[in-house]
Amino acid sequence: MSATTTPTAVAPLNREERLERANQLYREYHTRCFWHCPRELLITEDLIPLVVKGLRTHGGRRGFILSVQLQQRRTGSRASERETPGCL
């Protein structure tokens, strides 16, 4: 039986940590999830939903789990209703 590690839930990240993590995951998953975007695209707060959607859609199980780290904890607001920006 192989020993695989599964990403676990972590404490919510602050803004700077989320941006850093989003950029890291964008670079790591570029070929698999973000092939339609420029490789050197700088991920900003407005583009985090793009990274989350790409990871959840094309990132496999690991990408799906990691995408949770980038989602802001919102109260009273429905993030799923927001339009996901695309890259140009």
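Every value quoted in this text rests on a predicted model; they were computed, and no experiment measured them.

This brings us to the overall build of the protein. Per the secondary structure count, the protein includes four helices and zero strands. The order of α-helices and β-strands along the protein, N terminus first, is α-α-α-α. For the protein, the proportion of its 88 residues judged to be buried stands at 32%. Counting contacts in the protein only where the partners sit at least 6 residues apart, residues at least 24 apart contribute 56% of the total. Working note: accessible area of the protein is about 6300 Å², and carbon and sulfur atoms make up 53% of it.

Once that is clear, we can look at the environment of His36. By secondary structure assignment, the location of His36 is in the loop between α2 (30–33) and α3 (48–58). Along the primary structure His36 and Cys87 are separated by 51 residues, whereas in three dimensions their C-alpha atoms are 7.9 Å apart. If we skip the residues at most four places from it in the chain, His36 touches Leu50 and Cys87.

For the pair helix α1 (residues 15–28) and α3, the least separation of the axes is 10 Å and the interaxial angle reads 45 degrees. Between α1 and α3, the interaxial angle falls into the category oblique. Considering the relative orientation of α1 and α3, their crossing is left-handed. Residue-level contacts link Arg18, Leu19, Ala22, Leu25 and Tyr26 of α1 to Ile48, Val51 and Leu55 of α3. Residues belonging to the contact of α1 with α3 are distributed by class as follows: seven nonpolar, no polar and one charged.

The next point concerns the environment of Gln69. Examined against the element boundaries, Gln69 turns out to sit in the segment after α4 (60–67). Each C-alpha atom, one on Gln69 and one on Val52, is 9.0 Å from the other, the two residues being 17 residues apart in sequence.

Under the defined criterion, the tally for this structure stands at three salt bridges. Glu45 is the partner of Arg15 in a salt bridge, and the nearest nitrogen-oxygen pair spans 3.7 Å. Residue Arg15 is found in helix α1, and its partner Glu45 is found in the loop between α2 and α3; the two are separated by 30 residues along the sequence. Here Arg15 falls in the partly exposed class, since its relative accessible area comes to 48%. By relative accessible area, Glu45 is classed as partly exposed at 24%. By sharing partners, the salt bridges in this structure join Arg15, Arg18 and Glu45 into a single network.

Attention now goes to the packing of aromatic side chains. This model, assessed by the stated rule, comprises one aromatic pair. Both rings, one in Tyr26 and one in Phe34, keep their centres 5.0 Å apart while their planes meet at 35 degrees; by these two values the pair is tilted. The same class applies to Tyr26 as to Phe34, namely buried.

Inspection of the secondary structure puts Ser67 in helix α4. A distance of 2.6 Å separates a polar atom in the side chain of Ser67 from the backbone oxygen of Phe64.

Parameters at a glance
- Residues numbered from 1 in each chain as written.
- Predicted model: local features only at pLDDT ≥ 70, side-chain atom pairs only at ≥ 80, totals over all residues.
- Heavy atoms only, no water.
- Helix = DSSP H or I, 4+ residues; strand = E, 2+ residues; numbered from the N terminus.
- Buried < 20%, exposed > 50% of the residue type's maximum accessible area, 1.4 Å probe, protein only.
- Contact = heavy atoms within 4.5 Å.
- Areas by Shrake-Rupley, 256 points an atom, 1.4 Å probe, with all protein chains shown as cover.
- Axes fitted to C-alpha atoms, helices over the stretch in contact; angles between N-to-C directions.
- Parallel < 35°, antiparallel > 145°, perpendicular 65-115°, else oblique.
- Left-handed = near helix turned anticlockwise from the far one by under 90°.
- Nonpolar A, V, L, I, M, F, W, Y, C, P; charged D, E, K, R; others polar.
- Salt bridge = Lys/Arg side-chain N within 4 Å of Asp/Glu carboxyl O.
- Phe/Tyr/Trp six-rings, centres within 6.5 Å; stacked < 30°, edge-to-face > 60°.
- Polar contact = N/O pair within 3.5 Å; in protein donor to acceptor, adjacent residues only side chain to side chain.

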